[in-house]
Amino acid sequence: MTLVIRNSAELQDKVAAWKRSGMLVGVVPTMGALHDGHLSLVKAARAQSDRVIVTIFVNPMQFNNTDDLSKYPRDEARDLALLDEAGVDVLFAPDVAEVYPDGFSTTVSVSGVSAPMEGEHRPGHFDGVATVVAKLFGMTQAGRAFFGEKDWQQLQVVRRMVRDLNLPVTVIGCPTIREADGLAMSSRNVRLSHEDRSMAPLLHQVLQELAASLRAGADVGVALASARAELAAKGFGTVEYLDLRAGDSLAPLAQLEDNARLLVALWLGNVRLIDNIPV
Ligand code: PAF
């Protein structure tokens, strides 16, 4: 039975007891509206830890758009049933006042990897992510933390923060889980209209074709421009970025290198989709 804890003092007592018995604690931080992508993180956490905590907290500090925050899907009862079935020990679901009590004054800001792409288009987003993730690491005291590669830039920001601050946690990146038609799973996908949902998988298709043409030796600038044109022709909205970057530093690449990655953010109807693949 998954135990629901909303208070960090209670969580810390629980974790301290586990640790006294020599157990390794894994955490999967989420914002709820769970799907198979989250459940794959839970599976990895269960395989690599003795006890698993899933956190659900829709973090207001990382939303640069109030509409996106108010429309973010929430269904804790359904999430809890899924976590219970997946064998999660604790669901930690604090409220906003528990995470950001009166007088809260600290921001964790990771420069460099936070700056491009999401950083440019969602100002303040990664300060919100880094701050809440540092806080969740402190509250859960977990030794291992599991994040999806779907949010590739977020994963690099968290890795950088953990290295820079010597946080005692090992960050484990897990592969993106896709629908059968290739669309990367995301809690926001439920907001796609029927028509947009049937078009959305073309994004992954265009990324794969672009990766193949880069591997075949196409000029990077030309190939990126023609993929953008193709996305527009297929009916996608604004492409915020479509970049070839080094997988760890996220430096832009003018030529293909080992560890190169394609990363994209674009609009489809009123939903913002992100995706990335290795080249
Ligand atoms: O990826 C997410 O769901 C969130 O950004 C995270 C890591 C839970 C922080 O709020």
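Residues numbered from 1 in each chain as written. Predicted model: local features only at pLDDT ≥ 70, side-chain atom pairs only at ≥ 80, totals over all residues. Heavy atoms only, no water.

Colleague: I keep staring at the side chain of S8 and nothing clicks. Help me out?
Modeller: Mapped onto the elements of the fold, S8 is located in helix α1 (residues 8-20). Among the residues examined, S8 registers a relative accessible area of 17% and is labelled buried. Not counting residues up to four positions away in its chain, the partners in contact with S8 are F92, E98 and M139. (Helix = DSSP H or I, 4+ residues; strand = E, 2+ residues; numbered from the N terminus. Buried < 20%, exposed > 50% of the residue type's maximum accessible area, 1.4 Å probe, protein only. Contact = heavy atoms within 4.5 Å.)

Colleague: Would you mind showing me how to read the site of the ligand here?
Modeller: Taken together, P29, T30, M31, Q62, V132, F147, D151 and Q154 are the residues near the ligand. In this structure, an oxygen atom belonging to the ligand sits 2.6 Å away from a side-chain N or O atom of Q62. At 2.7 Å from an oxygen atom of the ligand is found a side-chain nitrogen or oxygen belonging to Q154. Calculation on the ligand without its partners gives an accessible area of 290 Å², and the protein chains cover 90% of this total. (Near = heavy atom within 4 Å. Polar contact = N/O pair within 3.5 Å; in protein donor to acceptor, adjacent residues only side chain to side chain. Areas by Shrake-Rupley, 256 points an atom, 1.4 Å probe, with all protein chains shown as cover.)

Colleague: What exactly am I supposed to notice about the sheet that holds strand β7 (residues 239-246) here?
Modeller: Within a sheet, neighbouring strands are paired by backbone hydrogen bonds and run either parallel or antiparallel to one another. One open sheet accounts for three strands, arranged β7-β8-β9; its pairing is antiparallel. Two strands bound the open sheet, and with one partner strand each, they are β7 and β9 (271-278). Shown here is a sheet whose adjacent strand axes are inclined to one another by a mean of 10°, direction ignored. Strand direction decides the pairing type here: strand β8 (residues 260-268) and β9, joined by eight bridges, are antiparallel. Across the sheet, A265 pairs through a bridge with I274, a residue of β9. Strands β7, β8 and β9 of the sheet are contacted by helix α10 (residues 202-215), whose axis makes an angle of about 30° with β9. (Pairing = 2+ DSSP bridges. Axes fitted to C-alpha atoms, helices over the stretch in contact; angles between N-to-C directions.)

Colleague: Sorry, what's going on with the pairing of strand β3 (residues 51-56) here?
Modeller: Across a regular strand the side chains alternate sides, sitting on one face of the sheet and then on the other. Burial analysis of β3 places five of its six residues in the buried class, the great majority of the element. Note: strand β2 (residues 25-30) against β3, six bridges, orientation parallel. Note that in β3 the partner of V28 across the bridge is V54. With helix α2 (residues 36-48) bridging β2 and its parallel neighbour β3, the resulting β-α-β unit is right-handed. By the bridge criterion, three bridges tie β3 to strand β4 (residues 90-92) in an arrangement that is parallel. Following the sheet pairing, T55 is matched in β4 by F92. (Right-handed = clockwise from strand over helix to strand, strands pointing away.)

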